[in-house]
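Here is what each chain is made of, one letter per residue.
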Amino acid sequence: MAAALASSRCCCSRLSPLPPLPTRGRRSVARCALPGQVSFSFFLGALRRSRYSGCRFSSLVGDCISPVLMTKVLYYELYLVGTLSSVTFLTLFFQPMQKRNSFSWKECAVSVALSVGLITSAPTLGWEAQAAPLQPVVPDVSVLISGPPIKDPGALLRYALPIDNKAIREVQKPLEDITDSLKVAGVRALDSVERNVKQASRALSNGRNLILDGLAESKRANGQELLDKLAVGLEELQRIVEDRNRDAVAPKQKELLQYVGTVEEDMVDGFPFEIPEEYSNMPLLKGRAAVDMKVKIKDNPNLEDCVFRIVLDGYNAPVTAGNFIDLVERKFYDGMEIQRADGFVVQTGDPEGPAEGFIDPGTGKPRTVPLEIMVDGDKAPVYGETLEDLGRYKAQTKLPFNAFGTMAMAREASEFDANSASSQVFWLLKESELTPSNANILDGRYAVFGYVTENEDYLADLKVGDVIESIQVVSGLDNLVNPSYKIVG
């Protein structure tokens, strides 16, 4: 069995359309290890691609899930898909290792025969009929998502704040919804925007006192001022809509959401949870910080230097974000090249020499950080285990891989060692079948700790060999505790 699984993984690594997951060490080969919560659509897409890649479908599925679950998946997939389009499905299934144009009467006859059987009755595969409550088919490989995913990094950071104030959220929600309203072509979008603005204005008027009550006493005066600015800004946005000035809507929306975000940050009173004792002496970011990463771009005549603003979220990933900002203060990344840029991710952080991560001068050993995942609804992060390992397939992470430029920690080539992250980081670029927003195989497997909030689109222009000239902390350094760079001097 071990040899068979090894064979299937090797075959899976040759699937050119499927990008390898981020791992530490650019000298190693990353395997395509897929978790169990991938939806049926992924298997269909992978099946179609297998005609061209030289990878049999059974090998691909065998690498993703257990043999028993694989049998169930194939059973339901054959029945459901076969009922609708089994001739096409089975023709692909029996296709040889490479694409061919010849027509086979034998394959067609087999496909038609099986199609008739699938349509007239569902095969049982020898399973006994049992009465059971109605439940979803193979629920452990399905992730049920409600509503459109949030892809804006600013919105993700606002919703990730550890606050519980319904009044301010009722102001925020319609302002965030303006983004979707503007997707409608022409001035017709302004009708929806107007409804959003009126809803936000009503929520602010009705909930103002509740919002102020949620602020710390020391920040109440500043909150009062921000709410006054927000009220005036909503009136200005209403006039913009009435003047049918579509182009002015988005900038004003951004301004108002900045007011909302600042008020929400002022509602956070202290750090929301205790760090586990085994990690309590590591560099920790107890709050948020922002850094500017300046990159020298070599092969773009229109863009020589670019500065990326990155917001690090220590409320949801204090160990991971603290490790990174500590390395930033050590100038660890300054002068380092971009080491991977394949359209799927941009990755860096592997130093010169045999080490694949940061070597702590105080100990002479690699400094690693545990996998750190905050689940929506939990009080504290999960450490050391993926959500898949914990069987929490439907859990939603507080910091998901939704935004272009989501920042996370890479790991060793031994992808199953969840606690092997050190200094290598990556930014997700491409939304693919493996990484659809709100339902992808990276959430819960890799520790997200920030988002690129300015100039994120230029990440796609980075190439291997482009140089990070500097990364500098521009705010929030006072939230870093246990900084090791000060000890070293």
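Residues numbered from 1 in each chain as written. Predicted model: local features only at pLDDT ≥ 70, side-chain atom pairs only at ≥ 80, totals over all residues. Heavy atoms only, no water.

Draft legend 1. Geometry of the overall build of the protein. In terms of helices and strands, the protein carries 12 helices and 14 strands. Taking all 489 residues of the protein together, 49% fall into the buried category. Taking as baseline every contact in the protein between residues at least 6 positions apart, the subset at least 24 positions apart corresponds to 75%. Accessible surface, the protein as shown: approximately 23,500 Å² in total, 52% of it carbon and sulfur. (Helix = DSSP H or I, 4+ residues; strand = E, 2+ residues; numbered from the N terminus. Buried < 20%, exposed > 50% of the residue type's maximum accessible area, 1.4 Å probe, protein only. Contact = heavy atoms within 4.5 Å. Areas by Shrake-Rupley, 256 points an atom, 1.4 Å probe, with all protein chains shown as cover.)

Draft legend 2. Focus on the sheet that holds strand 10 (residues 406–409). As summarised here, the arrangement of the 8 strands in space is 4-5-11-10-12-3-2-13, forming an open sheet in which the pairing is antiparallel. Both outer strands of the open sheet, strand 4 (340–341) and strand 13 (467–475), are each paired with one neighbouring strand and no more. (Pairing = 2+ DSSP bridges.)

Draft legend 3. Region of interest: the packing of aromatic side chains. Under the defined criterion, the tally for this structure stands at 9 aromatic pairs. Taking 6.5 Å as the distance between ring centres and 20 degrees as the angle between the ring planes, the aromatic pair formed by Phe271 and Tyr315 counts as stacked. Here Phe271 is found in the loop between helix 10 (249–266) and strand 1 (284–285), whereas its partner Tyr315 is found in the loop between strand 3 (305–313) and helix 11 (318–329), with 44 residues between them in sequence. Relative accessible area serves as the criterion here: at 13%, Tyr315 is assigned to the buried category. (Phe/Tyr/Trp six-rings, centres within 6.5 Å; stacked < 30°, edge-to-face > 60°.)

Draft legend 4. How the structure looks around the layout of surface pockets. The volume enclosed by the largest pocket comes to roughly 1,200 Å³. Around the largest pocket, the lining is made up of 40 residues, and of these Gly154, Leu157, Arg158, Gln258 and Thr453 lie nearest the centre. Of all the secondary-structure elements, those providing two or more residues to the lining of the largest pocket are helix 6 (153–159), helix 7 (166–181), helix 10, strand 2 (288–296), strand 3 and strand 12 (448–454). Counted by class, the lining of the largest pocket contains 14 nonpolar, 12 polar and 14 charged residues. (1 Å grid on protein atoms, 1.4 Å probe; cavity = no way out; pocket = protein on both sides within 12 Å on 5 of 7 lines; lining within 4 Å. Points joined across faces, edges and corners; volume = space filled by probe spheres on them. Nonpolar A, V, L, I, M, F, W, Y, C, P; charged D, E, K, R; others polar.)

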